[in-house]
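Each chain, written out:
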Amino acid sequence: MDNRPIGVFDSGLGGLTAVQKLMEELPDEDIIYLGDTGRVPYGGRSKETIIKYARQDIAFLKSFDIKAMVIACGTVSTTALGEIKDDYNLPIIGVVGPAVKKAVEVTRNKKIGLIGTVASINSRAYDRLILEKMPEAEIFSAACPLLVPLVENGRINRGDIMIETAVREYLEPIKAQGVDTLILGCTHYPLIGEVISDYMGEGVTLISPGAETASYVAKLLGERGLSAESGHNNKYRFFVTDSVDEFSKAASLFLKKNVQGEVNKADLSIY
Ligand code: DGL
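Model, not experiment: these values are computed from the prediction.

(A) Representation of the site of the ligand within the structure. Looking at the ligand, there are 14 residues lining it, with Ser11, Tyr42, Gly43, Gly74 and Thr75 nearest. With respect to the ligand, the backbone of tyrosine 42 contributes an N or O atom lying 2.6 Å from an oxygen atom. Within the side chain of histidine 188, one N or O atom sits 2.7 Å away from a nitrogen atom of the ligand. Compared with its free state, where it exposes 290 Å², the ligand has 99% of that area covered by protein. Taken atom by atom, the bulk of the ligand overlaps the largest cavity. Residue composition of the shell around the ligand, grouped by class: six nonpolar, seven polar and one charged.

(B) Representation of the environment of aspartate 180. Within the secondary structure layout, aspartate 180 lies in the loop between helix 9 (161-176) and strand 7 (181-184). Classification of aspartate 180 as buried rests on a relative accessible area of 5%. Among all residues touching aspartate 180, those that are not within four sequence positions of it are Thr107, Arg108, Asn109, Lys111, Gly203, Val204 and Thr205.

(C) A look at the nonpolar core. If you look at the biggest cluster of nonpolar residues, it comprises 57 residues, and the most contacted ones within it are Leu16, Ile115, Ile196 and Phe238. Of all the elements, helix 9 adds the most residues to this core, at six residues. Not counting the four nearest positions on each side in its chain, isoleucine 115 is found in contact with Ile121, Ala142, Cys144, Leu171, Ile174, Leu182, Ile183, Leu184, Gly185, Cys186, Tyr189 and Ile196. With 26 residues, the next largest nonpolar core counts Phe9, Ile51, Leu61 and Ile92 among its residues.

Conventions and cut-offs
Residues numbered from 1 in each chain as written. Predicted model: local features only at pLDDT ≥ 70, side-chain atom pairs only at ≥ 80, totals over all residues. Heavy atoms only, no water. Near = heavy atom within 4 Å. Polar contact = N/O pair within 3.5 Å; in protein donor to acceptor, adjacent residues only side chain to side chain. Areas by Shrake-Rupley, 256 points an atom, 1.4 Å probe, with all protein chains shown as cover. 1 Å grid on protein atoms, 1.4 Å probe; cavity = no way out; pocket = protein on both sides within 12 Å on 5 of 7 lines; lining within 4 Å. Sits in = over half its atoms within 2 Å of the grid points. Nonpolar A, V, L, I, M, F, W, Y, C, P; charged D, E, K, R; others polar. Helix = DSSP H or I, 4+ residues; strand = E, 2+ residues; numbered from the N terminus. Buried < 20%, exposed > 50% of the residue type's maximum accessible area, 1.4 Å probe, protein only. Contact = heavy atoms within 4.5 Å. Core = buried A, V, L, I, M, F, W, Y, C linked by side-chain atoms within 4.5 Å.

Here it is, written out as structure tokens:
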């Protein structure tokens, strides 16, 4: 048993897709979430910058004596994780492995769509792992640089012309290939899951990397004897690098839980 918190981070709201699932599957765990909202989006930045930001995010969360770190960000998982994970003495879990595992399990026609940030798509990290697990798979991918800013600005609902237009434009070529599975390779995208699903149609299974990773973490903690005690009086804390108010409102809506009062400002410049 280990009652220390789990650290989770993303550039913004996207990592809450992992937090939501962690809360559901591991209701006794303390969670500390960091959203680097002052620097979102990460996905159009260089590898060096993404690595630098990731190290600062990790250093901040490590200051809380966490027992495991969830990189609930596709961009950091694809671009920085390989380089940095051995530098820290704690389990660090990225989203690529769990998302790919699920995708190859559910595809029937072995045509897998993949969308993500520019950094994630260019890294080809998802493609490599899919082909390792399923060499005959066909992968159809697209970078979608406008989706994260739209999500961060609350343009997430069905009927919102901006998000619907962007989704259609990015997904049209992938849909035309007849994929039956679509990896939402950036953790922000499940927040527009309804809009994406409406466009892709019922026959296409959407994979949420954050949610898949949370399930993987639940299993891992159990196997390593790192789960919190049942009935432990657990806490959720959230940190952001920009407006506390904006994030509190958006996170409360998404998590269907009032987190106002649990959100504080983080200063990453000291790391
Ligand atoms: N949620 C991050 C990801 O999964 C967003 C990336 C960004 O900030 O551009 O890639």
